[in-house]
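# Descriptive analysis of the structure
Residue strings, one per chain:
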Amino acid sequence: MGVGVMSVATKMTGSGRALCGAFTIAELMVACVVMSTALVGVYEMFRQAADIERTASLRWEQRAAADAVASQIARTIEYAVMLPKVAAINGQTNEDGSVSIACVTHARAPSSARSGHAVIQRRLYTWCPGTEGQPGGSVELKTIGYAGSVNVTAGVGAEETGEADVWNRLPPTVIAMGVDGLSIQYRPADSPNANWEDHFSGPADNIVVVLRVRVGGQTIEHVVVPHVNQQLLEEAHARSQ
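Residues numbered from 1 in each chain as written. Predicted model: local features only at pLDDT ≥ 70, side-chain atom pairs only at ≥ 80, totals over all residues. Heavy atoms only, no water.

## Section: the packing of aromatic side chains
Basically, it comes down to this: Here is the rule: rings of Phe, Tyr and Trp (six-membered ring for Trp) pair when centre to centre is within 6.5 Å. Planes less than 30 degrees apart are stacked, more than 60 are edge-to-face, and the remainder are tilted. Only DSSP runs of H or I reaching four residues or more are called helices, and only runs of E reaching two or more are called strands; each is numbered from the N terminus. Working definition: with a 1.4 Å probe on protein chains only, accessible area under 20% of the residue-type maximum means buried, over 50% means exposed, and in between means partly exposed.
In total, this model carries 1 aromatic pair according to the counting rule given. Between Tyr186 and Phe200, the ring centres sit 5.8 Å apart and the planes meet at 25°, which makes this aromatic pair stacked. Taken together, the residues span a long stretch of sequence, with Tyr186 in strand E7 (residues 181–188) and Phe200 in strand E8 (residues 200–202) at a distance of 14 residues. Phe200 shares its class with Tyr186; the two are buried.

Dropping the structure here:
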């Protein structure tokens, strides 16, 4: 009789446990461990996806920045102008590691017209490598305005004794920062087997220029061939006759 009562009580207890859906401490601990492991896995997947997106975004921004600098200098070289007694392109790599290129080029001046009017400028681009305290170099631009072959830049008069003095009197405009490398090389257009040089001074009718701009881990390369084939003033004089 006692055994029967205990058996019934046991069955009722088991049935009550099943009906109430209760878990033991061990089962709860196992469930917590499983859930924690699953959450850690999900978090790791999201972290990896975020890192990939962040890296891709950084690379895109670096590539876009490098392309912007290379494109601006390339356009200046592409629309080079040859004037009498002025080197259309004058580029060099300096002893301190900086790179510079001066180019006489067509430009657009703002006016009441939507597109502005064409002018001639001489532009000097200079890249200076970064320092220990400020990694990443900067690209600066100076401009000289011309009316024909006459320098009409305000603040630059006849007291300058040379080209370096003219440029030194002009304030620079920083057009890019964080540029880790800039390389400009030159080769005659009619000599495909000639060596590439890091300096050039002369007309723009027979030259190929290669620009390489590096920002972070991204490098953009532009190969530029100027459109010009004769001196601008000679061409205008021939049309007037």
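## Looking at the layout of surface pockets
Test applied: A cavity here means a set of 1 Å grid points, computed over protein atoms only, where a 1.4 Å probe fits but cannot escape. A pocket is an open set with protein on both sides within 12 Å along at least 5 of 7 lines, and lining residues have an atom within 4 Å of a point. Grid points are joined across faces, edges and corners, and a volume is the space filled by probe spheres set on the points. Here the nonpolar group is Ala, Val, Leu, Ile, Met, Phe, Trp, Tyr, Cys and Pro; Asp, Glu, Lys and Arg are the charged ones; every other residue, Gly included, is treated as polar.
In this model, the largest pocket occupies a volume close to 220 Å³. Those elements giving two or more residues to the lining of the largest pocket turn out to be strand E1 (89–93), strand E2 (99–109), strand E3 (117–128) and helix H3 (163–168). For the lining of the largest pocket, the element with the most residues is H3, which contributes 4 residues. In terms of residue class, the lining of the largest pocket is made up of 5 nonpolar, 5 polar and 2 charged.

## Some points on the environment of Gly181
The cut-off we apply is this: Every residue pair with non-hydrogen atoms within 4.5 Å of one another is taken to be in contact.
Turning to its location among the elements, Gly181 is positioned in strand E7. By relative accessible area, which is 11% here, Gly181 ends up buried. Between the alpha carbons of Gly181 and Gly216 there is a distance of 9.0 Å; along the sequence they are 35 residues apart. Apart from residues no more than four positions distant in its own chain, Gly181 is found in contact with Trp127, Arg212, Val213 and Arg214.

## Some thoughts on the pairing of strand E10 (residues 218–224)
What counts is decided by this rule: When DSSP locates at least two bridges between a pair of strands, those strands are taken to pair.
Burial of the side chains of E10 is restricted to one face: Gln218, Ile220, His222 and Val224 are buried, whereas none of Thr219, Glu221 and Val223 on the reverse face is. Here 7 bridges tie strand E9 (residues 207–215) to E10, and the two strands are oriented antiparallel to one another. Residue pairing in the sheet places Arg214 in a bridge with Thr219 of E10. Between E9 and E10, which pair antiparallel and follow one another directly, the connecting turn spans 2 residues, one of which, Gly216, has a positive phi of 65°.

## As for the sheet that holds E7
To summarise the sheet geometry, strands pair through backbone hydrogen bonds and adopt either a parallel or an antiparallel arrangement. The line we're drawing: Axis lines are fitted to C-alpha atoms, over the contacting stretch for helices. Their N-to-C directions set the angle, which ranges from 0 to 180 degrees.
Within the open sheet, the 3 strands sit side by side as E7-E9-E10. Their pairing is antiparallel. Strands with a single pairing partner mark the edges of an open sheet, and in this sheet they are E7 and E10. Pairs of neighbouring strands in the sheet enclose a mean axial angle of 15°, with direction left out of account. Note that E7 and E9 share 8 bridges and pair antiparallel. Bridging from a neighbouring strand, Leu182 pairs with Val213 of E9. Strands E7, E9 and E10 of the sheet are contacted by helix H2 (residues 25–78), whose axis makes an angle of about 20° with E10.

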